[in-house]
Amino acid sequence: MWHDLVVSPRPKMTESRRHDILRATVTAIAERGLCETRIADVAELVGVSPALVLYYFPTKAALLTEALVYLDRLFYEGVANKLAKSPTAEDRLVILIEESCPRPTKPGEMPDSWVLWPATWEMARLDPALAAARARLDEAWRAQIVTIVEDGMASGEFGEVDSKAFSIQLAAMLDGLAIEAMLGDPTVDADGMSELARSFARAVLKRAV
């Protein structure tokens, strides 16, 4: 009888294996681009079967979503210590801008999250789960900017501004400049992106950021 059948729960993936799959996903997309990356490519890098990857990540969009969240967490973990050691809001804002600029990675290093964002923007239009993850990450990013700006206003480092509006403007500017830098535009590299963003912040916040 069907009601006598016992359905075994899906075995939980270990954190180590999950990290391996997500890191392989980032590496594959960085090397091939999203369109040319297959589940089989990710599985080969990890040394498992494509069926195992699909068992836990049933679609490419699901894999991309988890990889993006994973890289975003690594980004904030890496930046957190630098922000904590910075005594002024001005210093923290400069760090946030600098860390947002896409720079070449050395062999063996994990690519930064910028390698996934163009694909995320494209797929999020049609995938509700990915769209929701994108919205959460963008909101968290803008909230970080808001916190720094409001700290700076409270300490007298920055003039009075609409911190939420500024966070949207700065985040959008960084997104646009990062695309140019990633595409190798001869007029916008990571250093130029940083200087343009800092000049914008300086003009709005009335301080030499």
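Residues numbered from 1 in each chain as written. Predicted model: local features only at pLDDT ≥ 70, side-chain atom pairs only at ≥ 80, totals over all residues. Heavy atoms only, no water.

With respect to the packing of aromatic side chains
Here is step 1 of the chain: For the coordinates displayed, the defined rule picks out six aromatic pairs.
Here is step 2 of the chain: Relative to W141, the ring of F75 has its centre 6.2 Å away and its plane inclined at 70°; by these criteria the two rings are edge-to-face. Taken together, the residues F75 in helix α4 (residues 60-84) and W141 in helix α7 (residues 128-155) connect sequence positions 66 residues apart. Considered together, F75 and W141 belong to a single accessibility category, that of buried residues.
Here is step 3 of the chain: Taken together, a centroid distance of 5.7 Å and an interplanar angle of 0° make the contact between F166 and F200 stacked. Of this pair, F166 sits in helix α8 (residues 163-182) while F200 is found in helix α9 (residues 190-205), placing the two residues 34 residues apart along the sequence.
Here is step 4 of the chain: We classify F166 as buried; its relative accessible area is 1%.
Here is step 5 of the chain: Members of the aromatic cluster, joined through ring pairs, are F75, Y76 and W141. (Phe/Tyr/Trp six-rings, centres within 6.5 Å; stacked < 30°, edge-to-face > 60°. Helix = DSSP H or I, 4+ residues; strand = E, 2+ residues; numbered from the N terminus. Buried < 20%, exposed > 50% of the residue type's maximum accessible area, 1.4 Å probe, protein only.)

Notes on the confidence of the model for the protein chain
Here is step 1 of the chain: For the protein chain, per-residue confidence averages 86 on the pLDDT scale, and 91% of positions sit at 70 or higher.
Here is step 2 of the chain: Least confident of the elements in the protein chain is helix α6 (residues 117-124), whose mean pLDDT is 84; most confident is α9, at 95.
Here is step 3 of the chain: Every residue in residues 1-9 scores below 50 in pLDDT, and together they form zero contacts with partners more than four places removed in sequence or on other chains. (pLDDT = per-residue confidence, 0-100. Contact = heavy atoms within 4.5 Å.)

Here we look at the packing of helix α5 (residues 89-99) against α7
Here is step 1 of the chain: It is the contact of α5 with α7, at a shortest axis distance of 8 Å, that shows an interaxial angle of 155°. Between α5 and α7, the crossing angle belongs to the class labelled roughly antiparallel. Crossing of α5 over α7 shows left-handed handedness. Facing α5, whose interface residues are A89, R92, L93 and L96, α7 presents W141, Q144, I145, I148, D151 and G152.
Here is step 2 of the chain: When its residues are assigned to classes, the contact of α5 with α7 shows six nonpolar, two polar and two charged. (Axes fitted to C-alpha atoms, helices over the stretch in contact; angles between N-to-C directions. Parallel < 35°, antiparallel > 145°, perpendicular 65-115°, else oblique. Left-handed = near helix turned anticlockwise from the far one by under 90°. Nonpolar A, V, L, I, M, F, W, Y, C, P; charged D, E, K, R; others polar.)

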